[in-house]
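Coordinates in review
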Amino acid sequence: MLIKSKFLVGEDFEIKEGTIIIEDGEIKGFTNEKEDLKVNGLFIPGVINAHTHIADNIIKDIGVNKTLDELVKPPNGLKHKYLKVLSNEDIKRGILYGLKDLEDFGVKIFCDFRENGLDGVKLLKECLNKSKVKGVVLGRPSSLEECKEILKIADGINLSGANENSDNFLKAVYKECLKNNKLFGIHVAEHKEAVEFSLKKYNKTELERLIDLGVIPSFIVHGVHLTDNDISILEEKNIPIVLCVRANLYLNVGIPNLEKLKNLTLGLGTDNFMINSPSIFREMEYIFRLYHLEPKEILRMATINNAKILNLDKIGLIEEGYKPIFTIIKENAFLFSKDIVASLFRVEKGDIINLNIIY
């Protein structure tokens, strides 16, 4: 397949107009040959949403101005009370609409912290069979035996946080992830109260406790209230962070100190469908407006960094040898732009071109 268009190429996202060669599921470079297809738009690396809770799409905005614990803390958070009375068909309907939202926002791959144990993982995977969007599914077990069953079909394990789990359970679940070469993701330092609880009960922060137990997460999510020692640990252990700044703002828990986190691999997620749209473009816009980072640095978070965090091989860049996974933007979204990457932060649902032949 030969496609002629505009492309953002390599880690520096240089604009290249030409004809790309796609063969055997791989980008082979560019050519002067006649194209099979011409697209009036811009091909960027397929954007990745590295943290969601998609099943909560069915209960959007149920707890406006509630605290984080009131809203989502298991097992008695407001969302858990709602979800208990909903059928699998209700939840499935919400997931399917959520998957369509992801597709319409140009997200090609997302990582979901799926709850409700093995059944929850099976339900999401059933929905994914009907979607063009690819999912990295991390299940949440209630027991070690369920953890083992989840790891047979999921991409890894997620936990709400260290405070909700015993030392033995944390160690055992992590050991199973290592044994199966699967991801282990966990929320850390999302709000100040969680850090204070851990310090009071264990005389350690959540992250210090994990590390002392020999539990090295594949990545952590949020990191709003990390201590300086926590950050040193993350740097030493090379543990990435997935940021979800819009969710942090919605829940009024503060925002991460990106100046202190600049030596870490940073990715982006949108967190819970209950409180946020799954638009990574809007997430990038918020990061830009709050922190004024270089636009290319922010785009790397949503592409190559997220791919690295989720162990997605040869994904996240438009380069020879990489998989042809693209998000395609309509030409009018960047018309007159003097900085194409910065203009991406304006992208909305209607600006996405979905071409089945590419992905």
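Residues numbered from 1 in each chain as written. Predicted model: local features only at pLDDT ≥ 70, side-chain atom pairs only at ≥ 80, totals over all residues. Heavy atoms only, no water.

Below, the discussion takes up a nonpolar patch on the surface. The grouping of Leu 249, Ile 255, Tyr 286 and Leu 290 at the surface amounts to a nonpolar patch, some 300 Å² of accessible area in total. Among the secondary structure elements, Tyr 286 is positioned in helix H11 (residues 280-291). (Patch = residues over 30% accessible without salt bridge, like charges linked within 9 Å, V, L, I, M, F, W, Y side chains within 5 Å. Areas by Shrake-Rupley, 256 points an atom, 1.4 Å probe, with all protein chains shown as cover. Salt bridge = Lys/Arg side-chain N within 4 Å of Asp/Glu carboxyl O. Helix = DSSP H or I, 4+ residues; strand = E, 2+ residues; numbered from the N terminus.)

Time to look at the pairing of strand E8 (residues 156-159). Of the two faces of E8, the one lined by Gly 156 and Asn 158 and the one lined by Ile 157 and Leu 159 are each fully buried. The parallel pair strand E7 (residues 134-139) and E8 is bridged by helix H5 (residues 144-153), and the resulting crossover is right-handed. Two elements, E8 and strand E9 (residues 183-188), share four bridges in a ladder whose sense is parallel. By the bridge assignment, Ile 157 is partnered in E9 with Phe 184. Handedness of the crossover is the feature at issue here: the chain leaves E8, passes through helix H6 (residues 167-179), returns alongside E9, and the resulting connection is right-handed. (Buried < 20%, exposed > 50% of the residue type's maximum accessible area, 1.4 Å probe, protein only. Right-handed = clockwise from strand over helix to strand, strands pointing away. Pairing = 2+ DSSP bridges.)

Packing of H5 against H6 brings their axes to within 10 Å, and their N-to-C directions diverge by 20°. One way to sum up the angle between H5 and H6 is to call them roughly parallel. Here the hand of the crossing between H5 and H6 comes out right-handed. Contacts between H5 and H6 involve Leu 144, Cys 147, Lys 148 and Leu 151 on the former and, on the latter, Phe 169, Ala 172, Val 173, Glu 176 and Cys 177. Taken together, the residues that form the contact of H5 with H6 break down as seven nonpolar, no polar and two charged. (Axes fitted to C-alpha atoms, helices over the stretch in contact; angles between N-to-C directions. Parallel < 35°, antiparallel > 145°, perpendicular 65-115°, else oblique. Left-handed = near helix turned anticlockwise from the far one by under 90°. Contact = heavy atoms within 4.5 Å. Nonpolar A, V, L, I, M, F, W, Y, C, P; charged D, E, K, R; others polar.)

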